[in-house]
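Structure at a glance
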Amino acid sequence: MRMYDIIEKKRDGHTLTKEEIDYFVEGYTKEEIPDYQASALLMAIYFNDMTIEERAHLTSAMVESGDQIDLSDISGIKVDKHSTGGVGDTTTLILAPLVASVGVPVAKMSGRGLGHTGGTIDKLESVPGFHVEISNDQFIDLVNKNKVAVIGQSGNLTPADKKLYGLRDVTATVNSIPLIASSIMSKKIASGADAIVLDVKTGAGAFMKNLDDSKALAEAMVTIGNRVGRQTMAVISDMSQPLGYAIGNALEVKEAIDTLKGQGPKDLTELCLTLGSQMVVLANKASTMDEAREMLKESLTNGKAFEQFKVFLSSQGGDASVADQPENLPQAEFKIELPSLSTGTVSNIIADDIGTAAMMLGAGRATKDSEIDLAVGIVLHKKIGDRVKEGEALLTIHANQQNVEEVRQKLYKSIVVTEEDVPAPTLVYDTITK
Ligand code: URA
Ligand code: CA
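The shown structure was predicted, so the numbers you read here are calculated from the model rather than taken from an experiment. (Residues numbered from 1 in each chain as written. Chains lettered and ligands numbered in written order. Predicted model: local features only at pLDDT ≥ 70, side-chain atom pairs only at ≥ 80, totals over all residues. Heavy atoms only, no water.)

**A closer look at the site of ligand 1**
- Residues in close proximity to ligand 1 include Tyr165, Arg168, Ile180, Ser183, Ile184, Lys187 and Phe207, which together make up its full environment.
- A distance of 3.4 Å is found between a nitrogen atom of ligand 1 and a side-chain nitrogen or oxygen belonging to Tyr165.
- Residue Ser183 places a side-chain N or O atom 2.6 Å away from a nitrogen atom belonging to ligand 1.
- Compared with its free state, where it exposes 240 Å², ligand 1 has 86% of that area covered by protein.
- Looking at the shell around ligand 1 residue by residue, the classes come out as 4 nonpolar, 1 polar and 2 charged. (Near = heavy atom within 4 Å. Polar contact = N/O pair within 3.5 Å; in protein donor to acceptor, adjacent residues only side chain to side chain. Areas by Shrake-Rupley, 256 points an atom, 1.4 Å probe, with all protein chains shown as cover. Nonpolar A, V, L, I, M, F, W, Y, C, P; charged D, E, K, R; others polar.)

Encoded structure:
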């Protein structure tokens, strides 16, 4: 087999075989195929797309390029959730204990964040003592015992994806549905999930800015998952503004605690119930979405989800008393309100810019090696569609520096108040099942 022929075949719009796709992925991972040939093939895929079979073969080849996590010692159907990424997305912190509280095993492998705010691990580390440095055996024991545990990413997972993603980044081939879908799905599958729930974000703050693209990506991933034997469902949810009110690590933990007590923001609670219902159904703990939702709602009101969160925190060294006394989480020294300059309705909250402002305060990493400040961030008081009076606070900046002028300027540019009324955006646009 020759790489030249494979490039030519895709360039001319034909369908690649499993053998050809395996040859490319294996050869590129082993550095036997040079970047320039891989780039040419990626660009041909960008223009000529891939069939469902090709996408599934590409996903499987990337899964097989490295280690695969074996979770078979955990009893039950392991369901993982993946979000395509948003600002202030606190759902994982809530969903893990919430679905565990109704018996779904949650074996979560997570990473640290880059940009906006930290990743799930950074957020959890704002709980004093909490750590993810546990052995694989401990991880499996914890999930069997408590139904939930989080471990840091380890091992050599999907090296082919890592290399290809890096190459796509510099060859203008990131934005391709077959390539994005296989990239995301390969990582979920290699991490050992039996079933997968996807939260595909849509809107100005998301990777996919419009609904049609978001839907196409969701459908592509659901199709790949089911084709390679992992039951997969997706939700398409709004990211035209940040989710919930809090953006920042400890601030989001506090928001997760409120939500697990049944006192969280409406949008965040609703999205967790929607995603959680899919997880519960895929884990075979309920037969319909409605039944699953009722189970989860009950768990939020009777305290079971909240108790599960405390057990989870203390099982990994965390001080579970923060759940009852959130003031024991890291606190920023300065709390600065941003008053509205006019009376009207909030018509836009540019999620990306709010995320950048949180990063400027120190809540996120500008580069891989930046240190993050767990205490800082932004708490919104208004969301799109809310009325606000001149002088009333739009949000509070939590900072460890007194001079936040640059951040204030950025935030004023990212929240728009208009005279006319504006409806709140739709939260869940669609759910996609096979
Ligand atoms: N996120 C991924 O993991 N892969 C992509 O290709 C795009 C976004
Ligand atoms: Ca939030």
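Moving on from the model shown.
**Describing the sheet that holds strand S11 (residues 393-399)**
- The antiparallel open sheet is built from 4 strands, whose spatial order is S6-S9-S11-S7. A single partner strand is all that each edge strand has here, and the edge strands are strand S6 (246-247) and strand S7 (334-339).
- Strand direction decides the pairing type here: S7 and S11, joined by 6 bridges, are antiparallel. By the bridge assignment, Glu337 is partnered in S11 with Thr396.
- The strands touched by helix H16 (residues 405-414) are S7, strand S9 (377-380) and S11; relative to S7, the strand with the most contacts, the crossing angle is about 35°. (Pairing = 2+ DSSP bridges. Helix = DSSP H or I, 4+ residues; strand = E, 2+ residues; numbered from the N terminus. Contact = heavy atoms within 4.5 Å. Axes fitted to C-alpha atoms, helices over the stretch in contact; angles between N-to-C directions.)

**Some thoughts on the UniProt feature "domain: Pyrimidine nucleoside phosphorylase C-terminal" (unreviewed entry) in the chain**
- On the UniProt side, "domain: Pyrimidine nucleoside phosphorylase C-terminal" (unreviewed entry) is annotated at positions that read residues 345-418 here.
- What you have in residues 345-418 is 28% helix and 30% strand, and the ends, taken at the C-alpha atoms, are 5 Å apart. (UniProt positions renumbered as here; feature names shortened; annotations may be inferred.)

**So, the pattern of salt bridges**
- Using the criterion set out here, one finds 31 salt bridges in the structure.
- Salt-bridge contacts for Lys123 lead to Glu252; the nearest nitrogen and oxygen are separated by 2.9 Å. Of this pair, Lys123 sits in helix H6 (residues 120-124) while Glu252 sits in helix H11 (residues 249-260), placing them 129 residues apart in sequence. Just as Lys123 is buried, Glu252 falls in that class too.
- We note a salt bridge from Lys209 to Asp352, for which the minimum N-O separation is 4.0 Å. With Lys209 in the loop between strand S4 (195-202) and helix H10 (211-227) and Asp352 in helix H15 (residues 351-361), this pair connects stretches of sequence that are 143 residues apart. (Salt bridge = Lys/Arg side-chain N within 4 Å of Asp/Glu carboxyl O. Buried < 20%, exposed > 50% of the residue type's maximum accessible area, 1.4 Å probe, protein only.)

**Things to note about the packing of helix H2 (residues 18-29) against helix H4 (residues 52-63)**
- At a minimum axis separation of 9 Å, H2 and H4 run at an interaxial angle of 35°. Seen along the crossing, H2 lies across H4 with a hand that is right-handed. On H4, the residues touching Lys18, Ile21, Asp22 and Val25 of H2 are Glu54, His57, Leu58, Ala61 and Met62. (Left-handed = near helix turned anticlockwise from the far one by under 90°.)

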